[in-house]
Amino acid sequence: MRKEGTRMLNPKIGLIITQFFPNIVDRHIRTRCPETEVRDGLLRYREMGYQTIRHLPPEQQEENREALESAFSASLRQVEEFHAHEGGEESKGARSDADVS
């Protein structure tokens, strides 16, 4: 078990949270791959995490599940914020182009 903050996380859960979720989000931001691919990837790794923790004692399951869900939600939020910011930048650019003409 790996200690993260005050939590004792399963090492596989720790990898999903610290490596896989961020890599999926970063790849999306870099390549602009479809949001469905991002969501599918995040869901796939979340499911792997659930499979990993199913045989843990109940209190460890709960800690790991909470950490997994929190990281999953944060990853989705990052993607949404990126698109909100990107959309805001595009519309600002479009407005300034219209103002110039």
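Our subject is the structure listed above.
Residues numbered from 1 in each chain as written. Predicted model: local features only at pLDDT ≥ 70, side-chain atom pairs only at ≥ 80, totals over all residues. Heavy atoms only, no water.

Q: Just checking my understanding: could you explain the packing of helix H1 (residues 11-31) against helix H2 (residues 35-53) for this structure?
A: Relative orientation of the contacting elements H1 and H2 amounts to 175°, with a least axis distance of 10 Å. When the interaxial angle is binned, H1 and H2 end up roughly antiparallel. Only Glu35, Glu37, Val38, Gly41, Leu42, Tyr45, Arg46, Met48, Gly49, Thr52 and Ile53 of H2 make contact with H1, whose side of the interface consists of Lys12, Ile13, Ile16, Phe20, Phe21, Ile24, Arg27 and His28. Of the residues belonging to the contact of H1 with H2, the class tally is 10 nonpolar, four polar and five charged. (Axes fitted to C-alpha atoms, helices over the stretch in contact; angles between N-to-C directions. Helix = DSSP H or I, 4+ residues; strand = E, 2+ residues; numbered from the N terminus. Parallel < 35°, antiparallel > 145°, perpendicular 65-115°, else oblique. Contact = heavy atoms within 4.5 Å. Nonpolar A, V, L, I, M, F, W, Y, C, P; charged D, E, K, R; others polar.)

Q: Explanation requested: the pattern of salt bridges in the structure shown.
A: Charged atoms that come close allow side chains of opposite charge to pair. Within the structure shown, the criterion is met by three salt bridges. Linking Glu37 and Arg27 is a salt bridge whose minimum nitrogen-to-oxygen distance equals 3.4 Å. Separated by 10 residues along the polypeptide, Glu37 in helix H2 and Arg27 in helix H1 bring together distant segments of the chain. The exposure class assigned to Arg27 is partly exposed, which follows from its relative accessible area of 38%. The salt bridge partner of Glu62 is Arg65, with a shortest N-O separation of 3.1 Å. A residue pair is termed a helical-turn pair when its members lie 3 or 4 positions apart in one helix, as Glu62 and Arg65 do in helix H3 (residues 58-100) at three residues. (Salt bridge = Lys/Arg side-chain N within 4 Å of Asp/Glu carboxyl O. Buried < 20%, exposed > 50% of the residue type's maximum accessible area, 1.4 Å probe, protein only.)

Q: I'm lost on the nonpolar core in this one. Help?
A: The nonpolar side chains of a soluble globular protein tend to be buried, and buried together. Residues Ile13, Ile17, Phe21, Val38, Leu42, Leu68 and Phe72 are the most contacted members of the largest nonpolar core, which totals 18 residues. At the level of elements, H1, H2 and H3 are the ones that each hand at least two residues to this core. Setting aside residues up to four positions removed in sequence, Phe72 forms contacts with Phe21, Leu42, Leu43 and Arg46. (Core = buried A, V, L, I, M, F, W, Y, C linked by side-chain atoms within 4.5 Å.)

Q: I keep staring at H1 and nothing clicks. Help me out?
A: Since there are 3.6 residues in each turn of an α-helix, residues three or four apart along the chain are aligned in direction. Compared with an ideal rise of 1.5 Å per residue, which puts 21 residues at 30 Å, H1 spans 29 Å between its outermost C-alpha atoms and is within 8% of the ideal. Along H1, the sharpest change in direction is near 35° and occurs at Ile17. Taken together, the buried positions of H1 are occupied by Ile13, Gly14, Ile16, Ile17, Phe21, Ile24, Val25 and His28. Near the N-terminus of H1, the side chain that reaches the backbone nitrogen of Lys12, with its oxygen 2.8 Å away, is that of Asn10. (Expected span 1.5 Å × (residues − 1). Bend = angle between axes of the 7 residues up to and from the residue. Polar contact = N/O pair within 3.5 Å; in protein donor to acceptor, adjacent residues only side chain to side chain.)

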